[in-house]
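# Descriptive structure summary
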Amino acid sequence: MFNVQEISISSFAKLIVAFGAIFFVSTGIADQNPSIDLAQLSDGFNAEQKYMASCFACHSTGAAGAPKVGEGMAEEWGPRLEKGLDAVVANAINGINTMPAKGLCFDCTDDDLRALVEYMIETSQ
Ligand code: HEC
């Protein structure tokens with residue numbers, strides 16, 4: 001048989017979970033605001049998601065000689081960074097050899113691409 005008290009406890013727990021989710025989402029938005037002020041990132045830009053959608057296919061496997069991204073891949077990026085971050089970002093925007101312009105992310109702004117390049121370098125440390 002149903003125990004009324006048990007039912008109300010479990011719905012209380014669900015309420016807590018729901019509030020927790022709202023809190024999580026809203027603090028996430030709050031965290032993004034300062035970077036939106038500094039750079040012209042697209043609305044809702046998320047470097048990890050964009051990377052997975054646009055760059056991961058080539059840069060996780062190193063397809064066609066793409067510098068690999070991931071833990072311990074710093075040496076893939078070191079020589080490229082010798083020419084300076086701006087030049088590396090410019091190559092991501094304009095394309096270089098078999099690296100397609102904008103990494104095929106045609107709705108990415110230049111600042112989005114810079115953020116993606118920084119994300120790729122950071123996750124390769
Ligand atoms: C179709 C495969 C492919 C996709 C998709 C792709 N890349 Fe690349 N990328 C390459 C290859 C290949 C190179 C190496 C080019 C070379 O140096 O000859 C490269 C090189 C780079 C470099 C190094 C440039 C330099 O100066 O050495 C950056 C930065 C980069 N890609 C960023 C990105 C970003 C950001 C995305 C996603 C928005 C992306 N790539 C998507 C294939 C790809």
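A brief structural summary. Since the structure is predicted, the reported quantities are computational estimates derived from the model, not experimental observations.

Calculation notes
Residues numbered from 1 in each chain as written. Predicted model: local features only at pLDDT ≥ 70, side-chain atom pairs only at ≥ 80, totals over all residues. Heavy atoms only, no water. Helix = DSSP H or I, 4+ residues; strand = E, 2+ residues; numbered from the N terminus. Contact = heavy atoms within 4.5 Å. Areas by Shrake-Rupley, 256 points an atom, 1.4 Å probe, with all protein chains shown as cover. Donors = N, O, S within 2.8 Å, 3.2 Å for Na, K, Ca; no water. Tetrahedral: all angles 85-135°; square planar, octahedral: opposite > 155°, others 65-115°. Buried < 20%, exposed > 50% of the residue type's maximum accessible area, 1.4 Å probe, protein only. Phe/Tyr/Trp six-rings, centres within 6.5 Å; stacked < 30°, edge-to-face > 60°. Near = heavy atom within 4 Å. Polar contact = N/O pair within 3.5 Å; in protein donor to acceptor, adjacent residues only side chain to side chain. Arc of directions from axis to C-beta. Core = buried A, V, L, I, M, F, W, Y, C linked by side-chain atoms within 4.5 Å.

## Some words on the overall build of the chain
- Across its full length, the chain holds five helices and zero strands.
- Reading the chain from its N end, one meets helices and strands in the order α-α-α-α-α.
- For the chain, contacts bridging at least 24 residues in sequence account for 59% of all contacts bridging at least 6.
- Split by element, the accessible area of the chain, about 8,600 Å² in all, is 62% carbon and sulfur.

## Observations regarding the coordination of the iron atom of the ligand
- The iron atom of the ligand binds to the protein through His59 (NE2) and Met99 (SD), with metal-donor distances spanning 2.0 Å.
- Geometry at the iron atom of the ligand is octahedral, judged from the six donor atoms that bind it and their angles of 87 to 180 degrees at the metal. You can see His59 sitting in helix α2 (residues 47-59) and its partner Met99 sitting in the loop between α4 (85-94) and α5 (110-122), a full 40 residues away along the chain.
- Note on Met99: relative accessible area 23%, which makes it partly exposed.

## Some remarks on the packing of aromatic side chains
- Under the counting rule described, the total for this entry stands at two aromatic pairs.
- On the numbers, 6.1 Å between centres and 90 degrees between planes, the contact of Tyr51 with Phe56 is edge-to-face.
- When the centroid spacing of 5.6 Å and the interplanar angle of 50 degrees are considered together, the rings of Tyr51 and Tyr119 count as tilted. Of this pair, Tyr51 sits in helix α2 while Tyr119 sits in helix α5, and the two are 68 residues apart along the sequence.
- Put simply, the rings of Tyr51, Phe56 and Tyr119 touch in pairs and so form one group of aromatic residues.

## Some words on the site of the ligand
- Neighbouring residues of the ligand: 27 residues in total, closest Cys55, Cys58, His59, Arg80 and Met99.
- One of the side-chain nitrogen or oxygen atoms of Arg80 is found 2.6 Å away from an oxygen atom of the ligand.
- Side-chain polar atom of Asn97 to an oxygen atom of the ligand: 2.8 Å apart, as the coordinates give it.
- Going through the elements one at a time, α2, α3 (74-81), α4 and α5 are the ones with two or more residues in the shell around the ligand.

## Section: α4
- Along α4, the positions that sit buried rather than exposed are Val88, Val89, Ala92 and Ile93. Mapping the buried residues of α4 onto a view down its axis gives an arc of 140 degrees, with all of them on the same face. Those residues of α4 that are exposed and angled more than 90 degrees off the buried face are Asp86 and Asn94.
- Against α3 and α5 lie the buried residues of α4.
- Immediately beyond the C-terminal end of α4, within one or two residues, lies Gly95, with a positive phi of roughly 85 degrees.

## Comments concerning the nonpolar core
- Within the largest apolar cluster, 20 residues are counted, with the highest numbers of intra-cluster contacts made by Phe45, Tyr51, Trp77, Leu116, Val117 and Met120.
- Secondary structure elements with two or more residues in this core: α2, α4 and α5.
- A per-element tally of this core places α5 first, with seven residues.

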